[in-house]
Structure formats: structure tokens, C-alpha cells
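A closer look at the structure
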Amino acid sequence: MRYFLISLILAVTGVLLSFTEHRPEESAWIRINLLGYQPANSKVAVWCANGSELPDQFEVVDVLTGAIAYTGSVSQPFGAYGPFTQTCRLNFSAFRKPGRYYLKAGSAVSPAFAIADHVYQGTADFCLRYMRQQRCGFNPFLKDSCHTHDGYTLYGPMPDSSFVDATGGWHDASDYLQYVTTSATATHHLLMAWRDFPGVFTDEKQSNGLDGPNGRADVLDEAKWGLDWLLKMHPRPEWMFNQVADDRDHLSMRIPKEDSQYGRGAQRPVYFIDGKPQQRGKFMNATQGTSSSAAKISGSFALGSRLFHLQDPGYAALLAKRSASAFAYALQKPGVTQTVSVRAPYIYAEENWTDDMELAAASRQLLNKAQAYSRMEPITPWLGKDTARHYQWYPFINLGHYELARQLKGKDRDTICGYYRQGIEAVWNKARQNAFYRGIPYIWCSNNLTVSFAIQCYWYRKLTGDAQFEQLEQANFDWIFGCNPWGTSMVYGLPSHGDTPTDPHSAFTHLKQYLIDGGLVDGPVYTSIYKNLIGIQLFHDDAYAPFQSDLAVYHDDYGDYSTNEPTMDGTASLIYLLAAQEASSVPHTENLHPPFIYSQGALIRGDTQQKKIALVFTGDTYAEGTGTILSALKNEGAKASFFLTGRFLRTPAFRPGINQLVKAGHYLGPHSDQHLLYADWNQRDRLLVTRDSFLKDLRNTYAALKHWGIDRRKALYFLPPFEWYNDSIAAWTRSEGLQLINYTPGTISMADYTVPEDKNYRTAAAIFQSITNQESRPAHLNGFILLMHIGAGPKRPDPFYNRLPDLLKFLKKQGYQMVTVNELLRF
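Parameters and conventions
Residues numbered from 1 in each chain as written. Predicted model: local features only at pLDDT ≥ 70, side-chain atom pairs only at ≥ 80, totals over all residues. Heavy atoms only, no water. Helix = DSSP H or I, 4+ residues; strand = E, 2+ residues; numbered from the N terminus. Buried < 20%, exposed > 50% of the residue type's maximum accessible area, 1.4 Å probe, protein only. Contact = heavy atoms within 4.5 Å. Areas by Shrake-Rupley, 256 points an atom, 1.4 Å probe, with all protein chains shown as cover. Lys, Arg positive; Asp, Glu negative; His and termini not counted. Charge placed at Lys NZ, Arg CZ, Asp CG, Glu CD. Salt bridge = Lys/Arg side-chain N within 4 Å of Asp/Glu carboxyl O. Pairing = 2+ DSSP bridges. Axes fitted to C-alpha atoms, helices over the stretch in contact; angles between N-to-C directions. pLDDT = per-residue confidence, 0-100. Core = buried A, V, L, I, M, F, W, Y, C linked by side-chain atoms within 4.5 Å. Phe/Tyr/Trp six-rings, centres within 6.5 Å; stacked < 30°, edge-to-face > 60°.

Let's shift gears to the overall build of the protein chain. Scanning the protein chain from terminus to terminus reveals 22 helices and 29 strands. Taking the principal axes of its C-alpha atoms as reference, the protein chain extends roughly 85 × 65 × 55 Å. The 827 residues of the protein chain split such that 63% are buried. Put simply, of all contacts in the protein chain between residues at least 6 apart along the chain, 74% involve residues at least 24 apart. Accessible area of the protein chain: about 30,100 Å², with a carbon and sulfur share of 52%. Each charge class in the protein chain can be summarised by its mean position, and for the 79 positive and 80 negative side chains these summaries are 5 Å apart.

Here you go:
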């Protein structure tokens, strides 16, 4: 397990205080959301101890200064919960000042955390990594293909063992089975995430998942990957398949390849939906009809058709046609379709189906039908219950209620919202009794239920404006990211600076030590469930042993498939929740045309709807252009931004020029201290610095800026050295309460440092031409971050800064307003 060190820099004493998350001698702990908190949202931590004495108060302490920023009173004690004999809630919602802090209550000290509007920025895209890694067919993570011979049919109207093309889609979890029920639900969540929050997603991948933008947000690419496979599972109006492969898959852990354990060479079985019970080893499953899987498909196709209508009309028409035939298929034999198992007793034992019919009808805008189905299952049955069988009530949230309520008004809408409220109240009646506000049963995939319930609370609040359950909603979100008895995030690699799973039940990590970034693990289960599962064993000492209890357990151990296995459908629902969280802090992200553009977690362009441009100059070794640049800017009344290294700021010869920049009111920001190369030029994911060395270098830059009167709170943007970075650097930057930025692609302005002997040398004339060419393109230079250098050195014969007067005149003639980066990006 990852023990992580939080460094608290105490400016007054200069002392470095270090502590680990749970030392053996500790008897009290503070659990927080390791991702951090948005200023305006609920902010509650949980104090928990093996003792009975409560602290009188708690403090919010500034990490940078050591100063107490806020003092609060502890709540009334909640008593014992899980491994703790006493617990209480530490509510600091009233404190809204952005920054880096830690909580202190008695002897307990929390990990450091951020309060900032942007604290969840990029997290939804981060979790898309796991979805891409789960791809079947061509896998962009492995850059290889698998299961290309799927598959042979069973139970269909065609002869058994007939070939049908079923390659594609996602592997369900750490095994390589594939189910319509989870794939269609995941697809719907991804489609809704794009529809509801388009501004939070970036375009960095091609449709096959490899690097390179394709003009479509990556989340929509991923949703289309799911839609394409679902089309294969419903290739004709009279054909529909439910599942590829079965639990014979579990005979070995392996990296995905062509599997041969099914007796048909490299083909795997593809199970037809006939509405009748099918094999389950010694048993039969409890299939009753065709409705649940077919309706899920129909709903996803209907939503996909609307979203792809403008991008790909032909594809949208196909989806609409298949949505109609899937809906008809669902009506053939009303009832649930369960999955198949051959060797073990575990299946997705889904028992409800009218919620799926409601979703399909609402997505197809058949509102009367949808309302009729909504009355058949007003409350998702697991809500308020203490237990349920594996996937007994699936999806874990009634998506149909939301799709229907969005289209209704008045009393009809109120009725649907009332169903959501009844379910929330059923959970709240249990949750209000403990400090974690935990009302979710500890059944298999409890994290999936937790995410779904948080979304239900969010939808209810958005549909009604009723915020009375906001703390309950936030508590379920916080639980996923560390405000739980174990103090760990349940998402692999998120946050990068926090305690997250490191040894999940996954062949990728266990066999190859591959990162499975963004995967949501199953989560804690009742201890009674854990003790009765087949084949469970721990391979390592239990790092969370002090926090296990007779109530529930969680193990970050490969051997515990019940609590530490990531799932594709759970991750897809988390992507929606994270997108909602990110969008809630930045109003512009809910626009249909996202104005800001990101790459690898860095802001690279402002609002493309406004004729504003930020001229950015970086400086490290040379500064001979300072006077020329300052004169040109002054003559045109323009402002610019200057990102300078620490050694630039400390160079005596550069001091007069820096002083002029400050006096003229230009923006000054950090460009690192020693101009380090963060990532390999050829393998961008390979870091060349550690987090500690990165942070030390960055903080040294701010120390140099402070000498010039530039406080870090006035310089919240960071432009990386060499303009080269990866998303880990972006995450580390966010952990400091800062935002990484980079230049906007489209011109070669950044080549103004090149010299004739370089193979990439670009003349000043060529650079100028590239800028005018970009201006003539559809998006022009709107929102551009145009990067140049404050000096190029003596070897360059035609410094581009000599062309700056011409460039400024050109931009003004085109109607551009020259602004600083903080004005352009409104951070």
C-alpha cells in the first residue's frame, strides 16, 4: 500500500513537518476527500478514534504558512462505527478561501488538501484511460488486438456454433467477459456525460484510442466504441445477443489475447437472448424474458442517434433504426434477461426490468409509455436495504426517471422527482446515524452503488432545486476519494498525490505492472460476505489491518477480487459524476460549445467565441529582446504575459528589464526554476523527474518571483519548461492549487528561438506567415495563447521580436484584444 508523505511548509519557523497517513502509534485520524473541495460546496471531514474523548474544536491550517485559517466546532459525537469507538463530523463548509490546507483536531492531523474551483478539473478524462484500456478487439493501451475470432453462437435460432462477428466493446472487469447489460449502461452514462457536460472533456485521442485529436471529444469516441459493439449484438431486428464468453475465462489471469479454453479454437461463445433460462453450471439462470438487455440497448441507441445527428447523419439513422427494433425485441417477452455462468455460482442476477423499459421509452420520447413503466418501479429496490444479491437490482440507479423528468413539466415532473426523493430518504434514514453518512449496503460492488446514489442525489437537486440532501450527496462523493474508514481513494491513481489502490485484482498490474489509471475498484464488502467467498486470499500483509472490522473490509491486495477489482461500468458512471462535479464550479462548461480547450491536463486555448489573444513570452537564458518587446507593447497599449525561470529572475543583468515588466503591469508567472525536462521526448508518459523534485523546483520559482513582489496567489498559471509535460505534471500542478497552461497549436511562433544550424530552423518571415495563415482559418486566433521568447541569443540572425510591432498592428487591425493569460482564461 502506498504510504504517502505530506509536507507542511511552515514559513514562520522554517520547520518541515512530516507525517504518514496511519502510524502504528496513532489512535485518532481525520478522513478527508483527497481530491479536495470546491469553495462553495459542502466540506466535511470525519474525525475517528479508538477512544471516547472528543476534541473541543478543529483547525484548518494553511500548508504554506502554517497559519490557522479557520477554527470550527466539532459535531455531536456519533459513537462507534466500524473499527472506531468514537466518531464525529468536522464541518468547514463556511470556509471558502482557495489554497492548500490540512485539518488538525487534538492529536489527529489530516493529509493536505486543496480548496479550489478547479480541483476536479480533468478527472473525468483521467478515468477514460481505464475505459480505453478495457477495449476488446484493438486495444490502444497494448497497441495490439485480442479476441478477433469472436464468436460462435449458442441458444439462437441459427444452428449452435454458427459464427457471428462480436469483436469489440469493453472487457467487463479484470476478466475478459462482455455483457450487454453492463456495456449498454456504461455507454448510456458516457453519452449522458457528453450531452450534459460537453465543456469538461478534451479531444486528445483518435477514435481507435491512439494519440491525436480527431475533432470529437474523447468521451464521445469511447461511447461510440460501446455503440459499435452493441450494434454487433443486435445485427438484425430478429437477432439479439446478451453475452460474449463465460466464466471459463477465469481459468487463468493473462493479458488479453486469443483465448482457446472454450473448445472452438480462438472463438468464444456468444449467447443469444431467447427469453428462457440458460445454463449456469449445475443450475439454470432465472431469465424470464427479453426486456432488460434489449431495453438498455434501445435507450443507448436512441440517445446516441440524437447526439450523432449532426456529426454523422448516416450513423445516427442506423442507431435510430436499431433503437426501434431493440424496443420491439424487448416487448417480445416482457421480463428480465440474466447472464450465464458455467463453472461457478456467480452471475449478474438482475431481477428488475421495468426501469430499463422506462429508460428506453423516455429516450425514444414515448412519454406516456415511460410514465407507465415508471410507476411499476418508482424506487430502485436496493435503496434503504441492508443487502442484495450481486447485481440483483441493476442499474444501481434508475436512469429512466432522469431521462423522463427532463422532458416533463408540472405535476408529472414532480411525481418522478418524488420517486427519487423517496429513495434518497430511505438511504438517509440509515446514513444519518453515523459520521460518514453511510447508508449504502456493503455488498459486492458497493462503490458502484455509492457513485450511483451520489448521481441520484445530484439529479434530484438539479431537477428540483432542493438542496436539503447536499451533504449526503457530497459524503458519498467524498467516500470514494478517501473519506472512509480506510482513508484511501477507491480510484486507481486518482489523486496522483494521494493514497490510492496499487495492487488491484488485475492482470495488467499483477503480471505486467501496467498502470490502470482511473479504474474504480469494487469497494468494501460486509466481513460476512468476504469470509464466505470462494478462492479469496491475501498475498501481502494487510496495510489497512487497523481499519478492518466485523462490519466491513477493504484490501488493496491482488488476492481480494471482492473489494479490489476495478469494473468498467462502475468507472463509466464515475466519469459522469466527475464531469458533473467539474462542471458545477465553472459555469461555462455547461455551454454547448466548450470555450476552453485542454491537452494532457493543461489549458491550451481560451474562448474560441471571443476575439481575445494572449501574447506569452518565456525566458530562461537570454533576454536581449526585452526592450524591443516592452516598447512595442507600450506603443500599442497592449498587455502580455511573461513566464520566467527562477535563474532568469535571479540573473543580475536581467534585473532592469524585469523591473520594467513589473512597472508596466504585465503578467509575470513561473516557468520552473532550473528549466528541467519533465518527460521523455519520445515516450511522453515516461517521467524524468520525481514529484518531490518537481515541487521543489516549482516552489523555488515562486520564491524568486516573490523577490519581485509577485505572490503565488497572483500567479496561478504555470507554463512548463520546454513546453513539454504530461498529465502527471498537470495533476501535480493542480495539487498545488495551480493551473498548467501551454501554447495553442496552429502556428510556429514558438520556433523563434531556432538558429540556422538547427534542422527545425524557422525564419521570422515564416513564423509571421504561419500566424496570418491561422487567422484566416475558421476559428481564427480566437482564444489563442501565442508563445514567443524574450530572447533568442546571438546566433539567430532575424529575431522575431523585431517583427512584434508589425504583429501587434496586424492583430489590432483584425479586431483582437491583447490580454494577459489570467484575463483570457479567467482562472
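For the structure on display, the rule yields 31 salt bridges. Residue E403 pairs with R195 through a salt bridge whose shortest N-O separation is 2.9 Å. Taken together, the residues E403 in helix α8 (residues 399-405) and R195 in helix α2 (residues 180-196) connect sequence positions 208 residues apart. Several salt bridges share partner residues, and in doing so they unite R129, D517 and D727 into one network.

Quick look at the sheet that holds strand β15 (residues 241-244) now. Strand order across the open sheet formed by 4 strands is β13-β16-β15-β14, with mixed pairing between neighbours. Every other strand in the sheet has two partners, leaving β13 (152-154) and β14 (178-179) as the edge strands with one partner each.

If you trace the 3 strands from one edge of the open sheet to the other, you get β3-β4-β7, paired in antiparallel fashion. The sheet is open, and its two edges are formed by β3 (28-31) and β7 (86-91), each paired on a single side. Adjacent strand axes in the sheet meet at a mean angle of 20°, parallel and antiparallel pairs treated alike. Bridge analysis of β3 against strand β4 (residues 44-49) gives 4 bridges, and the strand direction is antiparallel. In the sheet register, W29 faces β4, and the bridge partner there is C48.

Turning next to the confidence of the model for the protein chain. Averaged over all residues, the pLDDT of the protein chain is 91; the fraction at 70 or higher stands at 96%. Confidence drops under a pLDDT of 50 for residues 1-24, and excluding neighbours within four residues, the segment shows 65 contacts in the predicted structure. Note on residues 587-594: pLDDT under 50 across the span, and 14 contacts to partners over four residues away in sequence or across chains.

Here the focus is the pairing of strand β25 (residues 667-670). Remember that side chains alternate between the two faces of the sheet whenever the strand is regular. What you see with β25 is no split at all: Y667 and G669 on one side and L668 and P670 on the other are buried throughout. With 4 bridges joining them, strand β24 (residues 641-644) and β25 adopt parallel strand pairing. Its bridge partner lying in β25, L644 is registered against P670.

Here we take up the nonpolar core. F201 and W459 are the most contacted members of the largest nonpolar core, which has 152 residues in total. Ignoring any residue separated from it by four or fewer positions in sequence, one finds W459 in contact with M192, I397, N398, L399, Y402, Y420 and Y576.

As a further point, take the packing of aromatic side chains. One pass over the full model with this rule turns up 51 aromatic pairs. Arranged with centres 5.2 Å apart and planes meeting at 80°, the rings of Y120 and F477 form a pair that is edge-to-face. With Y120 in the loop between β10 (113-115) and α1 (123-133) and F477 in helix α11 (residues 470-480), this residue pair connects regions lying 357 residues apart in the sequence. Each member of the pair Y120 and F477 is classed as buried. With centroids separated by 5.0 Å and ring planes inclined at 65°, the aromatic side chains of Y391 and F396 adopt a geometry described as edge-to-face.

Bringing the side chain of S291 into the picture now. For S291, the position within the fold is in helix α4 (residues 291-307). What makes S291 buried here is its relative accessible area of 0%. Ignoring anything within four residues of it in the chain, the contact list for S291 reads A330, K333, P334, G335, T337, W353 and M357.

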